[in-house]
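Listed here are the chains, written in short residue letters.
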Amino acid sequence: MKSNKAVVKVMPPKGEESLAPLVKEMLVQLGEDPDREGLVRTPTRVGQALRFLTSGYKADIRKIVNGALYEVKYDEMVVVKDIEFFSMCEHHMLPFYGKIHVAYLPKNKVVGLSKIPRIVDAFARRLQIQERLTQQVAQTIQEIIDPVGVGVICEARHFCMMMRGVEKQHSGAMTSAMLGAFRTRKDTRDEFLSLVNKSNGTGW
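In this text, all values refer to a predicted model and were calculated from it rather than measured experimentally.

Draft legend 1. Structural view of the layout of surface pockets. Looking at the largest pocket, its volume works out to about 170 Å³. Lining the largest pocket, in full, are Leu-19, Leu-22, Val-23, Leu-50, Arg-51, Thr-54, Met-93 and Leu-127. Residue composition of the lining of the largest pocket, grouped by class: six nonpolar, one polar and one charged.

Structure (structure tokens):
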């Protein structure tokens, strides 16, 4: 007797299709056997890793900040330095990593300090270039807090330089974005640079 029970097929959310078949095909194209013991679960692992490493595309800055803005009479520089980040170069999809230093001069409100590293992660966890990442962090801080000025410095090392191409193991790149007072006032900019350049014992 034919059943009238409806068949419910659970489909992944739009845009969340598994990347595993694509990774498996890539392994074949590279000359590997995706069915050998060491690679059987690799397509799934790589797909999950890529979802995590690009999770910044889904980040909602408003939810990240979550109302953590506070009215305060404070007109000295706020600095959060040595924010570690890991990202992926959009040209070769190889990692680049480093530290970002963020400073701002409040006008009449400040943001919870833990929110700044979260904002960095929101933009780092995308296919990126270092210059854009630096600018996006600065512009977002400017839009959220509306301070007198924002300064961002990014120091990074790129695997696309270290593992391929010029193969320079110890080369690093520095980028900066200076908005408002950090661009127009040399003393403000110099104070920020001085604070960032103080030895932190990390050996960077």
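After presenting the structure, the write-up continues.
Draft legend 2. The arrangement of the nonpolar core in detail. One finds Phe-85, Tyr-104 and Ile-141 to be the most contacted residues of the largest nonpolar core, which totals 33 residues. Excluding residues within four positions of it along the chain, Ile-141 makes contact with Val-102, Tyr-104, Ile-116, Ile-119, Asp-146, Pro-147 and Val-150.

Draft legend 3. Summary view of the sheet that holds strand S7 (residues 173–180). Strand order in the open sheet made by the five strands is S5-S2-S3-S6-S7, with mixed pairing throughout. The sheet terminates laterally at strand S5 (127–128) and S7, the two strands that pair on one side only. Direction of pairing for strand S3 (residues 95–105) relative to strand S6 (residues 149–158): antiparallel, over a ladder of 10 bridges. Note on S6: the bridge partner recorded for Gly-98 is Ala-156. Where helix H4 (residues 115–124) meets the sheet, it contacts strand S2 (78–89), S3 and S5, and its direction lies at approximately 20° from that of S2.

Draft legend 4. Local environment of the confidence of the model for the protein chain. Of all residues in the protein chain, 87% attain a pLDDT of 70 or more, and the chain-wide mean is 89. Counting contacts from residues 1–14, a segment whose pLDDT is below 50, to residues more than four positions away or on other chains yields one contact.

What counts, and at which threshold
Residues numbered from 1 in each chain as written. Predicted model: local features only at pLDDT ≥ 70, side-chain atom pairs only at ≥ 80, totals over all residues. Heavy atoms only, no water. 1 Å grid on protein atoms, 1.4 Å probe; cavity = no way out; pocket = protein on both sides within 12 Å on 5 of 7 lines; lining within 4 Å. Points joined across faces, edges and corners; volume = space filled by probe spheres on them. Nonpolar A, V, L, I, M, F, W, Y, C, P; charged D, E, K, R; others polar. Core = buried A, V, L, I, M, F, W, Y, C linked by side-chain atoms within 4.5 Å. Buried < 20%, exposed > 50% of the residue type's maximum accessible area, 1.4 Å probe, protein only. Contact = heavy atoms within 4.5 Å. Pairing = 2+ DSSP bridges. Helix = DSSP H or I, 4+ residues; strand = E, 2+ residues; numbered from the N terminus. Axes fitted to C-alpha atoms, helices over the stretch in contact; angles between N-to-C directions. pLDDT = per-residue confidence, 0-100.

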